[in-house]
Amino acid sequence: QVQLVESGGGLVQPGGSLRLSCAASGFIFSDRAMDWYRQAPGKQRELVAAIGSGGSTNYADSVKGRFTISRDNAKNTVYLQMNSLKPEDTAVYYCHTYFIRNFWGQGTQVTVSS
């Protein structure tokens, strides 16, 4: 079955960095676009970054220039490198893909606070 397992979240000070990982299984990873979403308390889940099967990328305006999405098809893993983190980046971050239906990971908490 399809599984998406995120890791790498934690507590970081403003201006710091984190790298999230999402290990995928149960489907042909290299064929699928992969996304990172986030959901802050009291807010809707929003798309942060996306990477196509060919490696093309898209970012939310709020993270452009600070976040980088990448993928390693040999490891069936998608990454989100987050730099210059701000308190407003605090959220649960979810890995996502779609074929037939949406598939989500369990989420990993990112907290940016001094």
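First things first, this report covers the structure right here in the doc.

Quick look at the overall build of the protein now. A tally of helices and strands in the protein yields 0 helices and 11 strands. What you see in the protein, going N to C, is helices and strands ordered as β-β-β-β-β-β-β-β-β-β-β. Scaling as 2.2 N^0.38, a compact globule of 114 residues should have a C-alpha radius of gyration of about 13 Å, and the protein matches this with 13 Å. For the C-alpha atoms alone, the extent of the protein along its principal axes is close to 40 × 25 × 20 Å. Looking at the protein as a whole, 42% of its 114 residues qualify as buried. For the protein, contacts bridging at least 24 residues in sequence account for 52% of all contacts bridging at least 6. Of the accessible surface of the protein, which amounts to about 6,100 Å², a share of 46% is contributed by carbon and sulfur atoms. Charged side chains of the protein number 11 positive and 8 negative; the gap between the two group centres comes to 1 Å.

What follows covers the state of the cysteines. Inspection of every chain in the model, using the stated rule, returns 1 disulfide. Paired through a disulfide, C22 and C95 show a sulfur-sulfur distance of 2.1 Å. Negative torsions about the S-S bond denote left-handed disulfides, and the value of about -80° found for C22 with C95 makes this one left-handed. Placement of the pair is C22 in strand β3 (residues 18–25) and C95 in strand β9 (residues 91–99), with a sequence separation of 73 residues. The pair formed by C22 and C95 is uniform in burial state, with each residue classed as buried.

Moving on, we come to the nonpolar core. W36, V78, L80, M82 and Y93 are the most contacted members of the largest nonpolar core, which has 29 residues in total. Elements with a contribution of two residues or more to this core: β3, β4 (34–39), β5 (46–51), β7 (67–72), β8 (77–82), β9 and β11 (108–112). Contacts of M82, omitting those with residues within four sequence positions, involve G16, S17, L18, L20, R66, F67, Y93 and V110.

Attention shifts here to the side chain of R71. In this fold, R71 is placed in strand β7. Buried and unpaired, R71 has no salt bridge, with D31 as the nearest side chain of opposite charge at 7.8 Å. Within the structure, R71 has its side chain in polar contact with the backbone oxygen of R32 (distance 2.8 Å). Not counting chain neighbours up to four residues away, the residues in contact with R71 comprise F29, S30, R32, A33, M34, I51, G52, S53, T77 and V78.

Moving on, we come to the pairing of β9. Extensive coverage of β9 is indicated by the burial of 8 of its 9 residues. Across 4 bridges, β9 lies against strand β10 (residues 101–104) in antiparallel orientation. Its bridge partner being in β10, Y98 is matched across the sheet by N102. Here β9 folds back onto β10, and the loop between the two strands holds 1 residue, one of which, I100, carries a positive phi near 75°.

Definitions and limits used
- Residues numbered from 1 in each chain as written.
- Predicted model: local features only at pLDDT ≥ 70, side-chain atom pairs only at ≥ 80, totals over all residues.
- Heavy atoms only, no water.
- Helix = DSSP H or I, 4+ residues; strand = E, 2+ residues; numbered from the N terminus.
- Rg over C-alpha atoms; globule rule 2.2 N^0.38 Å.
- Buried < 20%, exposed > 50% of the residue type's maximum accessible area, 1.4 Å probe, protein only.
- Contact = heavy atoms within 4.5 Å.
- Areas by Shrake-Rupley, 256 points an atom, 1.4 Å probe, with all protein chains shown as cover.
- Lys, Arg positive; Asp, Glu negative; His and termini not counted.
- Charge placed at Lys NZ, Arg CZ, Asp CG, Glu CD.
- Disulfide = S-S within 2.5 Å.
- Core = buried A, V, L, I, M, F, W, Y, C linked by side-chain atoms within 4.5 Å.
- Salt bridge = Lys/Arg side-chain N within 4 Å of Asp/Glu carboxyl O.
- Polar contact = N/O pair within 3.5 Å; in protein donor to acceptor, adjacent residues only side chain to side chain.
- Pairing = 2+ DSSP bridges.

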